[in-house]
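Reading the structure
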Amino acid sequence: MKVLKNYDLNGKPYNRFLFVIVLLLGSFTMSMSQSSISTAYPTLMSSFGIDASTVQWLTTGFMLIMCVMMPVSPWLLNNVKFKQLFLLILAIFDIGTLIVVVAPNFPVMMLGRAMEAIAVGILFPSYQSVLLYITPEEKRGTTMGFAGLIMGSALACGPILSAIVLHFSAWRGLFIVFAVIISVLFVISLFAIKNVMPQKESHLDFPSVILSVGLIGILYVVNMIGKTNIDLTEAIIILVVSILMVAMFAIRQFKMDQPLLQLRVLKDFNYDLSVGLTGASYIALIVVTIIFPLYYQDVLGVSKTVSGLALAPGAIVLSLLNPLTGKLADKIGFKSTMLTGMFMILAGWLVLSITGATLGLVPMMVIAAIIEGGNAFVMMPAVTMGANSLPNDLISDGTAVISTFRQILGSTGVLVATLILSNVMNNNIAKGMSHAIAQMGGFHVVFITFFVIELFGLAMALMLKNTKK
């Protein structure tokens, strides 16, 4: 299949630079919305009169809905013209954000967040598929390096933006910022975005969509672990049914001529490794983004504003390295590039595992920068390598599979980190330790756990076929 460069499907020229910029800005803004809200949790709990376990659903529920929407994105790309799809995504996100801004209570706010999650879940695999499709294979590493800059730095910048906005306004001001940006992008997109993806019409397999909801069930049960007053029978039933639904979903995809999600892409071993590596790097990034601010506030006693701004050096390192690592992967090969990244990630977690929760703010900021810098060498090069393993007509399916698995692993990583931190701290307090010592013990176990997890990432990087393309 011929790769289109500067012409849309009607053969008309378009401004490719403006097209890519608008696409990446939309992705950047929506990605920031995913991580920015955690800084506002205490304010939201006070405003709506809810507890910590309830407010957490603004992030957990967001990630769960994203997971279900990602497998639908290839079908939408094949059946809806890209310009209309992108405008629809922006509109859904904008409406959801406006609902959040005017929300009188928590359920209405959750509705707005759900709409945002639907838009983000469709956009993340789609924009990567489009970038890969319109870029020649020999330049994909560089292009996806910039895409990684957007995804990684946006995730890291979310808490920073939140800290700044919340310092000067109420929590609704944060979402007003998102609404204004997306509204402006919607107007620009009317002229800048073109139909560049070929259409391959097919029917939407609703049974597959329903079965994919099993992903939500599994993550929901994982989220319940460690909480008090759990109905164990109910949790086991939900888990078993959810696992069966996911298994039936996978079997159905292999049996269908036109599956909702083309899981046959998993038959390529290098592609499978790329899925695992992008997941391993994403886990490291999202856990740093969410757990480190908690460490800064709870152990070091700094303010929410300082804890958010302390993520800035890591975000800067990530932003500077992402475009460079894409070019590096094109020149020296994916294996060498990703091994470098995994060693950086492991080095950061190793130092934390050895020193425990005893480091000050500056050393922690340096370690965060090392881990986030390692992410730049792994996440988007892994996506590019996976795409290069597939024919062009399977790129949208391949990026959807990678994005779905990455989101599931990232969501699970956050849940595991939060559960370990809470349970270890509570057990230490029950043993008679002071709250401060118990908390430090919880963070130490989290650090050790994620060092072990990233060892599996290093093993996958070592198994890659040594190729430059």
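Residues numbered from 1 in each chain as written. Predicted model: local features only at pLDDT ≥ 70, side-chain atom pairs only at ≥ 80, totals over all residues. Heavy atoms only, no water.

Within an unreviewed UniProt entry, the label attached to the chain reads MFS transporter, and the organism entered is Apilactobacillus waqarii. Quoted straight from UniProt, the Subcellular location (unreviewed entry) entry for the chain says "Cell membrane". (UniProt positions renumbered as here; feature names shortened; annotations may be inferred.)

All right, on to the side chain of Ser-27 then. Here Ser-27 shows up in helix α1 (residues 16-36). For Ser-27, the side chain forms a polar contact with the main-chain oxygen of Leu-23, separated by 3.0 Å. Residues within four places of Ser-27 in sequence aside, it is in contact with Leu-123, Phe-124, Tyr-127 and Ile-150. (Helix = DSSP H or I, 4+ residues; strand = E, 2+ residues; numbered from the N terminus. Polar contact = N/O pair within 3.5 Å; in protein donor to acceptor, adjacent residues only side chain to side chain. Contact = heavy atoms within 4.5 Å.)

Membership of the largest hydrophobic core comes to 133 residues, with the highest contact counts inside it found for Phe-19, Met-109, Phe-292 and Trp-349. Counting residues per element, this core draws most heavily on helix α13 (residues 269-298), which supplies 16 residues. If sequence neighbours within four positions are ignored, Met-109 has contacts with Ile-37, Leu-44, Phe-48, Leu-58, Val-100, Ala-103, Trp-171 and Phe-175. In this structure, Leu-64, Cys-67, Leu-215 and Leu-219 belong to the second largest nonpolar core, which totals five residues. (Core = buried A, V, L, I, M, F, W, Y, C linked by side-chain atoms within 4.5 Å. Buried < 20%, exposed > 50% of the residue type's maximum accessible area, 1.4 Å probe, protein only.)

The next point concerns helix α15 (residues 312-332). For α15, built from 21 residues, the straight-helix expectation of 30 Å at 1.5 Å per residue is met to within 8% by its first-to-last C-alpha distance of 29 Å. The sharpest bend along α15 comes to roughly 30 degrees, located at Asn-322, with the proline Pro-323 sitting one to four residues further on. Where α15 terminates, the next one or two residues include Gly-333, which has phi positive at roughly 105 degrees. (Expected span 1.5 Å × (residues − 1). Bend = angle between axes of the 7 residues up to and from the residue.)

If you walk through the whole model with that rule in mind, you get two salt bridges. Linking Glu-116 and Arg-113 is a salt bridge whose minimum nitrogen-to-oxygen distance equals 3.1 Å. Of this pair, Glu-116 and Arg-113 both sit in helix α7 (residues 106-134), separated by three residues, roughly a single helical turn. We classify Glu-116 as buried; its relative accessible area is 0%. A salt bridge links Asp-205 to Arg-252; the nearest nitrogen and oxygen atoms lie 2.7 Å apart. Residue Asp-205 is located in the loop between α9 (172-192) and α10 (206-212), and its partner Arg-252 is located in helix α12 (residues 232-255); the two are separated by 47 residues in the primary sequence. Using a relative accessible area of 4% as the deciding quantity, one classes Asp-205 as buried. (Salt bridge = Lys/Arg side-chain N within 4 Å of Asp/Glu carboxyl O.)

Its 29 residues place the ends of α7 42 Å apart at the C-alpha level, agreeing with the 42 Å of an ideal helix rising 1.5 Å per residue. Along α7, the sharpest change in direction is near 25 degrees and occurs at Leu-123; proline Pro-125 comes one to four residues later. Most of α7 sits out of view: 24 of its 29 residues are buried. Two to three positions downstream of the cap, the backbone nitrogen of Val-108 sits 3.1 Å from a side-chain oxygen, assigning the N-cap of α7 to Asn-105.

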